[in-house]
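Examination of the molecular architecture
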Amino acid sequence: TQLLEQSPQFLSIQEGENLTVYCNSSSVFSSLQWYRQEPGEGPVLLVTVVTGGEVKKLKRLTFQFGDARKDSSLHITAAQPGDTGLYLCAVDPNSGGSNYKLTFGKGTLLTVNP
Amino acid sequence: GAGVSQSPRYKVAKRGQDVALRCDPISGHVSLFWYQQALGQGPEFLTYFQNEAQLDKSGLPSDRFFAERPEGSVSTLKIQRTQQEDSAVYLCASTQGSGGNEQFFGPGTRLTVL
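Owing to the predicted nature of the structure, the values given are computational and were not obtained by experimental measurement. Sequence order as written defines residue numbering, which begins from 1 separately in each chain. Chains and ligands are labelled sequentially in the order written, the chains with letters from A and the ligands with numbers from 1. Where local features are concerned, this predicted model is filtered to residues with pLDDT of at least 70; where side-chain atom pairs are given and counted, the filter is 80 or more; whole-chain, interface and lining totals use all residues. Excluded from the side-chain calculations are hydrogens and water; all other atoms, namely the structure's heavy atoms, are used.

Helix and strand counts for chain A stand at 0 helices and 11 strands. Listing each helix as α and each strand as β along chain A from the N terminus yields β-β-β-β-β-β-β-β-β-β-β. Here the globule rule is a power law, 2.2 Å times the number of residues to the power 0.38, and the radius of gyration is based on C-alpha atoms. Here chain A has a C-alpha radius of gyration of 13 Å; the compact-globule value for 114 residues is 13 Å, and the two agree. Burial status follows relative accessibility: with a 1.4 Å probe on protein chains alone, a residue under 20% of its type maximum counts as buried, one over 50% as exposed, and anything between as partly exposed. When the 114 residues of chain A are sorted by exposure, 42% land in the buried category. Contact definition: two residues touch when any of their heavy atoms are within 4.5 Å. Contacts spanning at least 24 positions in sequence make up 54% of the contacts within chain A whose residues lie at least 6 apart. Under the convention used here, a 1.4 Å probe and the Shrake-Rupley method define accessible areas, while residue burial counts only the protein chains that appear. With an accessible surface of roughly 5,400 Å², chain A has 49% of that area assigned to carbon and sulfur atoms. In summary, the charge assignment counts Lys and Arg as positive and Asp and Glu as negative, without counting His or the chain termini. Positions of charges follow a simple convention, taking NZ of Lys, CZ of Arg, CG of Asp or CD of Glu. Placing the 9 positive and 10 negative side-chain charges of chain A at their respective mean positions leaves the two points 5 Å apart. Going along the chain from the N terminus, every DSSP run of H or I of four or more residues is numbered as a helix, and every run of E of two or more is numbered as a strand.

Turning our attention to the sheet that holds strand E7 (residues 61–65) of chain A. All names here are of chain A. One bridge is not enough; two strands pair if DSSP finds at least two bridges between them. In spatial order, the strands read E1-E3-E8-E7-E6; together these 5 strands make up an open sheet with antiparallel pairing. Taken across any chain shown, the strands that pair with only one partner, and hence form the sheet edges, are strand E1 (5–7) and strand E6 (55–58). Recorded for the sheet is a direction-independent mean angle of 15 degrees between the axes of neighbouring strands. In this sheet, E7 lies alongside E6 in antiparallel orientation, the contact comprising 4 bridges. Considered in E7, the bridge of lysine 57 is made with threonine 62. For helices, the fitted axis covers only the stretch in contact; all axes are lines through C-alpha atoms, and the angles between them, taken along N-to-C directions, range from 0 to 180 degrees.

This part is about the nonpolar core. Throughout this description, the term nonpolar core refers to a set of buried Ala, Val, Leu, Ile, Met, Phe, Trp, Tyr and Cys residues connected via side-chain atoms within 4.5 Å. Counting residues in hydrophobic clusters, the biggest one holds 22 residues, and the most contacted among them are Leu19, Leu32, Trp34, Phe63, Leu74, Ile76 and Leu110 of chain A. If we ignore the near neighbours within four places in the chain, the residues touching isoleucine 76 of chain A are Glu17, Asn18, Leu19, Arg60, Leu61, Asp83, Tyr87 and Leu110 of chain A. Judged by nonpolar contacts, the second largest core, of 20 residues, contains Val19, Leu21, Ile79 and Ala88 of chain B.

What follows covers the state of the cysteines. Residues and elements named next belong to chain A. Sulfur atoms of two cysteines make up a disulfide when they are within 2.5 Å. All told, the structure shown has 2 disulfides over all chains when counted by the stated rule. Covalently, cysteine 23 is tied to cysteine 89 through a disulfide, its sulfur atoms 2.0 Å apart. Residues cysteine 23 and cysteine 89 are joined by a disulfide whose S-S torsion is about 80 degrees; by sign, that bridge is right-handed. With a gap of 66 residues between them, cysteine 23 in strand E3 (residues 19–24) and cysteine 89 in strand E9 (residues 85–91) connect regions that are remote in the sequence.

Residues and elements named next belong to chain A. The buried fraction of E9 amounts to 7 of the 7 residues, a majority that puts the element mostly inside the structure. With 5 bridges joining them, strand E4 (residues 32–37) and E9 adopt antiparallel strand pairing. Paired with glutamine 33 across the two strands is alanine 90, which belongs to E9. Of the pairings in the sheet, the one linking E9 to strand E11 (residues 108–113) comprises 3 bridges and is antiparallel in character. Bridge pairing links leucine 86 to leucine 109 in E11. As judged from the 2 bridges shared by E9 and strand E10 (residues 103–104), these two strands associate in the antiparallel manner. By the bridge assignment, alanine 90 is partnered in E10 with phenylalanine 104.

Here you go:
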């Protein structure tokens, strides 16, 4: 059983469309991170959310941490081809929240077509 | 400044061969991590170093996997007697502190075992 369930697994949309991807778990976490990984590259950290109900914005990307700190969503407004990549959520499953031993979801592979 | 670098970027090995994968972390970064990313999956934690000390090797899948960081900078992940199931991308990451910091990932080494 995966600690983090990401959905959808694949998403292909046209430039300009909006989309939301999800990261769900039955466990409670002290914080959650979102990464984007482009082909042939390592993951790059986009954001860390730490407070239940927290909303963070990064240009056209909006991240939300669930009130119970078990789930998170990433919403992209007016998607661009440059948003194409694998979106991964990650947590440190240790209650101490050391953030060294990250557990990742399987990711959502997003393709934005021009 | 230079990011995390890994070499080789691609490695093809015949089953049973030994391989060595190198990671050069960001200069001055205390912590270093190795992850394994199978096709269509998120990265999975292998091992963690703080300076030259290997503090956690719980993710290493078998005793054929060995990692070292003798001088607290460059690290090598060695896989002995490679098997087909070892085929994956091996990612290295480093952080400035000992935990709770952003992990900076290298581009990975894609290992294919024939």
